[in-house]
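# Fold and contact review
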Amino acid sequence: MKIFAYGIREDEQAALREWMSNHPEVEVDFTDKLLDPETAKLAEGADAVDVYQQLSYTPETLTALHELGINKMSLRNVGTDNIDFETARRFDFSISNVAVYSPNAIAEHAAIQGARVLRQTKALDNKIANHDLRWAPTIGREVRMQTFGIIGTGHIGRVLIDILKGFGAKIVAYDVYRNPELEAEGIYVDTLDELYAQADAISLHVPSLPENYHMINAESIAKMKDDVVLINVSRGDLMDIDAVIDGLNSGKIFGLAMDVYENEVGLFNSDWSGKEFPDAKIADLIARDNVLVTPHTAFYTTKAVYEMVTQSMDASLAFIKGEETPNQVKY
Ligand code: COI
């Protein structure tokens, strides 16, 4: 039994080596290279591949694996939006993801960044760095005084709701699938329009699906309260960033915390020190006092990385043995 792992970063190696020592019967080889039609040949002789990348799993990439006799692929992340499922179906690929590696990692980040926007900590930090120690006009809004609109009440949305309740915030939520416990608390609204009308801060926790594309746009922003705070730690394409920039310019939007960006591939997780950003919009957003940009790091905690490696390797092994894995992606 052999598993070949792609895109293994330094910080993933300890968990991978631990998994390898717990599974001496499995031959494991890995590279820091990402999986593409060219690097696919590195997996020759393997029964399954273990992967994480934002680069697409294109028809060519999946075909290259198929030609090596490999049709088992375990993702170390949750999002499957970069997989060409038509080709995967054609070659009968078994695919798994790590649906729940640490909802807290992402929910905590959303809560922290949302609270930082409300308390204007970036503006304050910048003033302090410039030796300006005056209070005004950098006055904060208390988290407990806000109504948070949570769009999507899956694992991450639910943890965020718990964290925000700890602050004393009021919650309204929207999801097409309702959680019975939250339903009993009466926090759901029936439509997104109701949520937009009530929320002082809105956090997105839905996947990238065609029906969610640019759900935050000029029309939805117009329905929101003045001085709304937006938080996106989910997927960049949920927001029409031009409409969000217009909302920031007009003052309709008080501030934005974003960990994801529609055009982030090749931009985030790259070192631009000493260089211009290649994207004028991200440069503009990063320069603003009321916008917090993080480069898709909400997930990036020691706990999450450990779970991503361990659960994905477990899933690859289950596929090879013909066993069930709770992480199988049904497509
Ligand atoms: C995912 O798990 O899909 C994420 O968005 C985090 C990723 C950058 C590892």
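Everything numeric in this text was worked out from a predicted model, so none of it was measured. (Residues numbered from 1 in each chain as written. Predicted model: local features only at pLDDT ≥ 70, side-chain atom pairs only at ≥ 80, totals over all residues. Heavy atoms only, no water.)

### Focus: the overall build of the protein chain
In terms of helices and strands, the protein chain carries 12 helices and 11 strands. The globule rule puts the C-alpha radius of gyration for 331 residues at 20 Å, and the 21 Å found for the protein chain is close to it. Based on the C-alpha atoms only, the size of the protein chain along its principal axes is roughly 65 × 50 × 35 Å. A total accessible area of about 16000 Å² is found for the protein chain, and carbon and sulfur atoms account for 51% of it. Charged side chains in the protein chain number 30 positive and 52 negative. The centres of these two groups are separated by 5 Å. (Helix = DSSP H or I, 4+ residues; strand = E, 2+ residues; numbered from the N terminus. Rg over C-alpha atoms; globule rule 2.2 N^0.38 Å. Areas by Shrake-Rupley, 256 points an atom, 1.4 Å probe, with all protein chains shown as cover. Lys, Arg positive; Asp, Glu negative; His and termini not counted. Charge placed at Lys NZ, Arg CZ, Asp CG, Glu CD.)

### A few points about the nonpolar core
Burial of nonpolar side chains together is a common tendency in soluble globular proteins. In terms of nonpolar packing, the biggest core is built from 33 residues, with Phe148, Ile150 and Leu164 touching the most fellow members. At the level of secondary structure, the elements contributing two or more residues to this core comprise α4 (103-118), β6 (147-151), α6 (155-167), β7 (170-174), β9 (228-232) and α12 (302-321). If you tally residues by element for this core, the top one is α4, at eight residues. When residues are assigned to domains, this core turns out to be shared by domain 1 (2-101 + 302-321) and domain 2 (104-293), each giving three or more. Leu195, Ile221, Ile245 and Leu267 belong to the second largest nonpolar core, which has 32 residues in total. (Core = buried A, V, L, I, M, F, W, Y, C linked by side-chain atoms within 4.5 Å. Buried < 20%, exposed > 50% of the residue type's maximum accessible area, 1.4 Å probe, protein only. Domains from an automatic or database assignment.)

### Quick word on the packing of helix α1 (residues 10-22) against α12
At a minimum axis separation of 9 Å, α1 and α12 run at an interaxial angle of 40°. Of the possible angle classes, the one that applies to α1 and α12 is oblique. Relative to α12, the crossing made by α1 is right-handed. Between α1 and α12, the residues in contact are Asp11, Glu12, Ala15, Leu16, Glu18 and Trp19 and Val305, Tyr306, Val309, Thr310, Met313, Asp314 and Leu317, respectively. Here the contact of α1 with α12 is built from residues that sort into eight nonpolar, one polar and four charged. (Axes fitted to C-alpha atoms, helices over the stretch in contact; angles between N-to-C directions. Parallel < 35°, antiparallel > 145°, perpendicular 65-115°, else oblique. Left-handed = near helix turned anticlockwise from the far one by under 90°. Contact = heavy atoms within 4.5 Å. Nonpolar A, V, L, I, M, F, W, Y, C, P; charged D, E, K, R; others polar.)

### Some words on a nonpolar patch on the surface
Residues Leu124, Ile128 and Leu133 make up a contiguous nonpolar surface patch of roughly 280 Å² in combined accessible area. Positionally, isoleucine 128 belongs in helix α5 (residues 121-129). (Patch = residues over 30% accessible without salt bridge, like charges linked within 9 Å, V, L, I, M, F, W, Y side chains within 5 Å. Salt bridge = Lys/Arg side-chain N within 4 Å of Asp/Glu carboxyl O.)

### As for the pattern of salt bridges
Taken as a whole and assessed by the stated rule, the structure comprises 19 salt bridges. Taking the shortest distance from any N to any O, the salt bridge between lysine 2 and glutamate 27 comes out at 3.8 Å. Taken together, the residues span a long stretch of sequence, with lysine 2 in strand β1 (residues 2-5) and glutamate 27 in strand β2 (residues 27-30) at a distance of 25 residues. Between glutamate 219 and lysine 223 there is a salt bridge, and its shortest N-O distance comes to 3.9 Å. Remark: lysine 223 and glutamate 219 occur in helix α9 (residues 218-223); sequence separation between them is four residues, near one turn of the helix. With a relative accessible area of 56%, glutamate 219 lands in the exposed category. Overall, the relative accessible area of 36% leaves lysine 223 in the partly exposed class.

### Some thoughts on the side chain of serine 102
Looking at the element boundaries, serine 102 is found in the loop between β5 (94-96) and α4. The contacts of serine 102, once residues within four sequence positions are left out, are Lys303 and Ala304.

### Some thoughts on the UniProt feature "domain: D-isomer specific 2-hydroxyacid dehydrogenase catalytic" (unreviewed entry) in the protein chain
Mapped onto this structure's residue numbering, the UniProt feature "domain: D-isomer specific 2-hydroxyacid dehydrogenase catalytic" (unreviewed entry) falls at residues 8-330. Between the C-alpha atoms that bound residues 8-330 the distance is 25 Å, and the span itself is 38% helix and 13% strand. (UniProt positions renumbered as here; feature names shortened; annotations may be inferred.)

### Section: the site of the ligand
All residues adjacent to the ligand are Tyr52, Asn77, Val78, Gly79, Tyr101, Arg235, His296, Phe299 and Met308. For the ligand, an oxygen atom lies 2.8 Å from a polar atom in the backbone of glycine 79. Histidine 296 has a polar side-chain atom sitting 2.8 Å from an oxygen atom of the ligand. Here the ligand has 290 Å² of accessible area as a free molecule, and 94% of this is covered by the chains. (Near = heavy atom within 4 Å. Polar contact = N/O pair within 3.5 Å; in protein donor to acceptor, adjacent residues only side chain to side chain.)

### Points about the sheet that holds β2
Backbone hydrogen bonds are what pair the strands of a sheet, in a parallel or an antiparallel way. The sheet built from five strands is open, its strands ordered β2-β1-β3-β4-β5 with parallel pairing. In this open sheet, the two edge strands, each paired with only one partner strand, are β2 and β5. Shown here is a sheet whose adjacent strand axes are inclined to one another by a mean of 20°, direction ignored. (Pairing = 2+ DSSP bridges.)

### As for α6
If you check α6, its first and last C-alpha atoms are 19 Å apart, about what 13 residues at 1.5 Å a residue would give, namely 18 Å. On the buried face of α6, the contacting elements are α4, β6, β7, α7 (180-185) and β8 (201-204). Trailing α6 by a residue or two, glycine 168 shows a phi angle of about 95°, which is positive. (Expected span 1.5 Å × (residues − 1).)

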